[in-house]
Amino acid sequence: MRMSVPAALAALLMSLFVLFLDPSAARAAAIYLELNPSTVPVGDQVGLRASCDDNLKAASVSSALFGTVAVNPQYGLLTATVTVPSGTKPGDYKFELHCSDKATASATLHVVAKVEPAQGPATGGGGTAPERFAPILIGSGLAVIGAGLALGLTTLRRRRLG
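Fair warning: this is a prediction, and the values are worked out from it, not measured in the lab. (Residues numbered from 1 in each chain as written. Predicted model: local features only at pLDDT ≥ 70, side-chain atom pairs only at ≥ 80, totals over all residues. Heavy atoms only, no water.)

(A) Seen up close, the nonpolar core. Grouped together as the largest cluster of nonpolar side chains are 26 residues, with contacts concentrated most on Leu48, Phe95, Leu97 and Leu109. Among the secondary structure elements, those contributing two or more residues to this core are β1 (32-36), β3 (45-51), β4 (59-63), β6 (77-83), β7 (91-98) and β8 (104-112). With 4 residues, β8 is the single largest residue contributor to this core. Aside from chain neighbours lying at most four places away, what touches Leu48 is Glu34, Leu35, Val61, Val69, Val71, Leu78, Thr79, Ala80, Val82 and Phe95. (Core = buried A, V, L, I, M, F, W, Y, C linked by side-chain atoms within 4.5 Å. Buried < 20%, exposed > 50% of the residue type's maximum accessible area, 1.4 Å probe, protein only. Helix = DSSP H or I, 4+ residues; strand = E, 2+ residues; numbered from the N terminus. Contact = heavy atoms within 4.5 Å.)

(B) Broad picture of a nonpolar patch on the surface. Nonpolar side chains collect at one region of the surface, where Ile138, Leu142, Ile145 and Leu149 lie side by side and expose about 440 Å² of accessible area between them. Its place among the elements puts Leu149 in helix α3 (residues 134-161). (Patch = residues over 30% accessible without salt bridge, like charges linked within 9 Å, V, L, I, M, F, W, Y side chains within 5 Å. Areas by Shrake-Rupley, 256 points an atom, 1.4 Å probe, with all protein chains shown as cover. Salt bridge = Lys/Arg side-chain N within 4 Å of Asp/Glu carboxyl O.)

(C) Structural detail: the sheet that holds β7. Spatially, the 8 strands line up as an open sheet ordered β1-β3-β6-β5-β4-β7-β8-β2, and their pairing is mixed. Two strands bound the open sheet, and with one partner strand each, they are β1 and β2 (39-41). Pairs of neighbouring strands in the sheet enclose a mean axial angle of 30 degrees, with direction left out of account. Direction of pairing for β7 relative to β8: antiparallel, over a ladder of 8 bridges. In the strand pairing of β8, His98 is matched with Thr104. (Pairing = 2+ DSSP bridges. Axes fitted to C-alpha atoms, helices over the stretch in contact; angles between N-to-C directions.)

(D) Geometry of the confidence of the model for the protein. Mean pLDDT over the protein: 80, with 77% of residues reaching 70 or higher. For residues 23-28, every residue scores under 50 in pLDDT, and the model assigns this stretch 3 contacts once sequence neighbours within four places are set aside. (pLDDT = per-residue confidence, 0-100.)

(E) Structural view of the environment of Val71. Checked against the element boundaries, Val71 lands in strand β5 (residues 67-74). In this structure, the C-alpha to C-alpha distance between Val71 and Ala59, residues 12 residues apart in sequence, is 5.4 Å.

(F) Fine view of the side chain of Thr88. Mapped onto the fold, Thr88 is located in the loop between β6 and β7. Under the relative-accessibility criterion, Thr88 is labelled buried at 12%. There is a polar contact of 2.8 Å between the side chain of Thr88 and the backbone oxygen of Pro85. Ignoring any residue separated from it by four or fewer positions in sequence, one finds Thr88 in contact with Val42, Leu65, Tyr93 and Val111. (Polar contact = N/O pair within 3.5 Å; in protein donor to acceptor, adjacent residues only side chain to side chain.)

(G) Fine view of the pattern of salt bridges. Applying the stated criterion across every chain yields a total of 2 salt bridges. In this structure, the salt-bridge partner of Glu34 is Arg49, at a minimum N-O distance of 2.5 Å. Of this pair, Glu34 sits in strand β1 while Arg49 is found in strand β3, placing the two residues 15 residues apart along the sequence. A residue is classified by how much of its surface remains accessible, and Glu34, at 32% relative accessible area, is partly exposed. Taking the relative accessible area as the measure of exposure, Arg49 reaches 38% and is therefore partly exposed. A salt bridge links Lys57 to Asp54; the nearest nitrogen and oxygen atoms lie 3.9 Å apart.

Here is the structure:
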């Protein structure tokens, strides 16, 4: 099968485009900072996961929340864990990664107020029956169990006799 001239020309142009493409765009994609989770209540921990060009060297992450912390190489990435201080006000806080080769990346942490529930959900009072019917239900349950035992004994006796 013969390749057409337009297809060959398109392949040549695509190869030239890839050959002369600026590598900084691909390099920039390799430098990042992730916060897990990105929204936390006051007092919770946040996992930092980052990547620089060289993930074998430690880097640093700075924020107004806790100052500067080192992210160390682990499993091919740079990782650390920080705790949001208890006096932190709810809002958005910027985290900035500083690699050893002066490259940077940033991420935003959303801190929300810690809300304690006043009471549990309304799912019943510990049982589904009102208190006045509880003795009747317990008695009925015991009667059914007794009837089951009596029926079982009767069945065993008939088997032996006949």
